[in-house]
Amino acid sequence: MEIKKAKSYGFCFGVKRAVELAQDSKNAVTLGPLIHNPLEINRLLKEYNVKYVNSIDEIDERIKRVIVRTHGISKERYKKLLDKNIEVIDATCPFVKKPQEIVEEMSKQGYDIVIFGDKNHPEIQGVMSYSIHKRVFVVLDVEELKNIHLKEKIAIVAQTTRKIEDYLKITDYLIKRYKEVRVFNTICNATFENQEAVRELSREADIVIIVGGKNSSNTKQLFNIAKANCEAYLIESEDELKKEWFLNKNLCGISAGASTPEWLVEKIISKIKELT
Ligand code: SF4
């Protein structure tokens, strides 16, 4: 059986940067797990003593350095950290900073803010907090928009990991009904490239293995795309692989979520080779 990796997969620019920052600042504490990958978090703990806390209240005087993760945090929480008089290492991805800045600027200019995304996701909670007014509406689809009465001036941004096709449905709905709609494409290319690559690969493969955290939204999206075209499995470690998955298969595709390190992908490939 042939094994083929997707043209684009795994660590994106933002995660690579965050992991490097964590490694460079040994003994730091991250606010929430740095990335959605338990194995990589363990490695950072073992090799660099990078721990994590779940809330700012857990940060006591023994902690000298705190890393803000790629999703970013709300403006208020950022200020709370600075007030603690500790070193703040900001690993917020520049692609997440961008919608934060847009929301701040457009809200200052009096635009209603629409955010396409999941209001419970930390990235969106952070982005929302940058509005200087309360007219911020987070929606997941057109149906939710129908219940909201918006003003004539609207600015819209999207969660970085959303699908462009879904974003277009929402912007299309708004543009047809409102006079001024400022659309910002804040969807991250890394996600888009990984999605396109897995789509292409899953069309030719008999089976696709997606490697990544089961709680990572971009990993789940890769899995759903692959599953639509062929047999697909989402795994976190090589122990989950089953010999029978590969019986009578000619081509096995491999892709990985944006938080999956290359060393893990290689480990999975070795194990597949062992099993087949
Ligand atoms: S997926 Fe994109 S937005 Fe998210 S951390 Fe990676 S580069 Fe940044």
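Residues numbered from 1 in each chain as written. Predicted model: local features only at pLDDT ≥ 70, side-chain atom pairs only at ≥ 80, totals over all residues. Heavy atoms only, no water.

Caption draft 1: Looking closely at the packing of aromatic side chains. For the structure shown, the criterion picks out four aromatic pairs. When the ring of Trp-245 is compared with that of Phe-246, the centres are 6.3 Å apart and the planes differ by 55 degrees; the resulting orientation is tilted. A single burial state applies to Trp-245 and to Phe-246, both of which are buried. Here a set of aromatic residues connected by ring pairs shows up, and it is made of Tyr-233, Trp-245 and Phe-246. (Phe/Tyr/Trp six-rings, centres within 6.5 Å; stacked < 30°, edge-to-face > 60°. Buried < 20%, exposed > 50% of the residue type's maximum accessible area, 1.4 Å probe, protein only.)

Caption draft 2: Representation of the environment of Ile-209 in the model. Structurally, Ile-209 is set in strand β10 (residues 207–211). For the pair formed by Ile-209 and Ala-232, sequence separation is 23 residues and the distance between their alpha carbons is 5.8 Å. Apart from the residues within four sequence positions on either side, Ile-209 is in contact with Tyr-233, Ile-235, Leu-241, Trp-245, Phe-246, Cys-252, Gly-253, Ile-254, Ser-255, Ile-268 and Ile-272. (Helix = DSSP H or I, 4+ residues; strand = E, 2+ residues; numbered from the N terminus. Contact = heavy atoms within 4.5 Å.)

Caption draft 3: Structural context of the domain arrangement of the protein. According to the domain assignment, the protein contains domain 1 (2–9 + 189–275), domain 2 (13–92) and domain 3 (95–183). A C-alpha centroid distance of 28 Å is found between domain 2 and domain 3. At the junction of the two partners, domain 2 supplies 11 residues and domain 3 supplies 12 residues. Each partner contributes to the roughly 870 Å² buried at the junction of domain 2 and domain 3, and carbon and sulfur atoms together form 55% of this total. On the domain 2 side of the contact with domain 3, His-71, Lys-75 and Thr-92 bury the most area, a combined 54% of that side's loss. The salt bridge involving Asp-90 is made with Lys-97; its shortest N-O contact spans 2.7 Å. In this structure, the connection of domain 2 to domain 3 is made through three residue pairs in polar contact (both at pLDDT 80 or more). A breakdown of the residues in the side of domain 2 that touches domain 3 according to their chemical character gives two nonpolar, five polar and four charged. (Domains from an automatic or database assignment. Buried area = accessible area lost by both parts, 1.4 Å probe. Salt bridge = Lys/Arg side-chain N within 4 Å of Asp/Glu carboxyl O. Polar contact = N/O pair within 3.5 Å; in protein donor to acceptor, adjacent residues only side chain to side chain. Nonpolar A, V, L, I, M, F, W, Y, C, P; charged D, E, K, R; others polar.)

Caption draft 4: Here's a closer look at empty space enclosed by the protein. Enumeration over the complete set of coordinates arrives at two cavities of 30 Å³ or more. Approximately 370 Å³ is the volume attributed to the largest cavity. Around the largest cavity sit 27 residues that line it, and Cys-12, Thr-70, His-71, Thr-161 and Asn-218 are the ones nearest its centre. Residue assignment for the lining of the largest cavity shows that the elements contributing at least two residues are α1 (13–24), α4 (94–108), α8 (189–204) and α9 (217–229). (1 Å grid on protein atoms, 1.4 Å probe; cavity = no way out; pocket = protein on both sides within 12 Å on 5 of 7 lines; lining within 4 Å. Points joined across faces, edges and corners; volume = space filled by probe spheres on them.)

Caption draft 5: Representation of the side chain of His-71 within the structure. Examined against the element boundaries, His-71 turns out to sit in the loop between β4 (65–68) and α3 (75–83). Discounting residues that sit within four places of it in the chain, His-71 has contacts with His-36, Val-96, His-121, Pro-122 and Glu-123.

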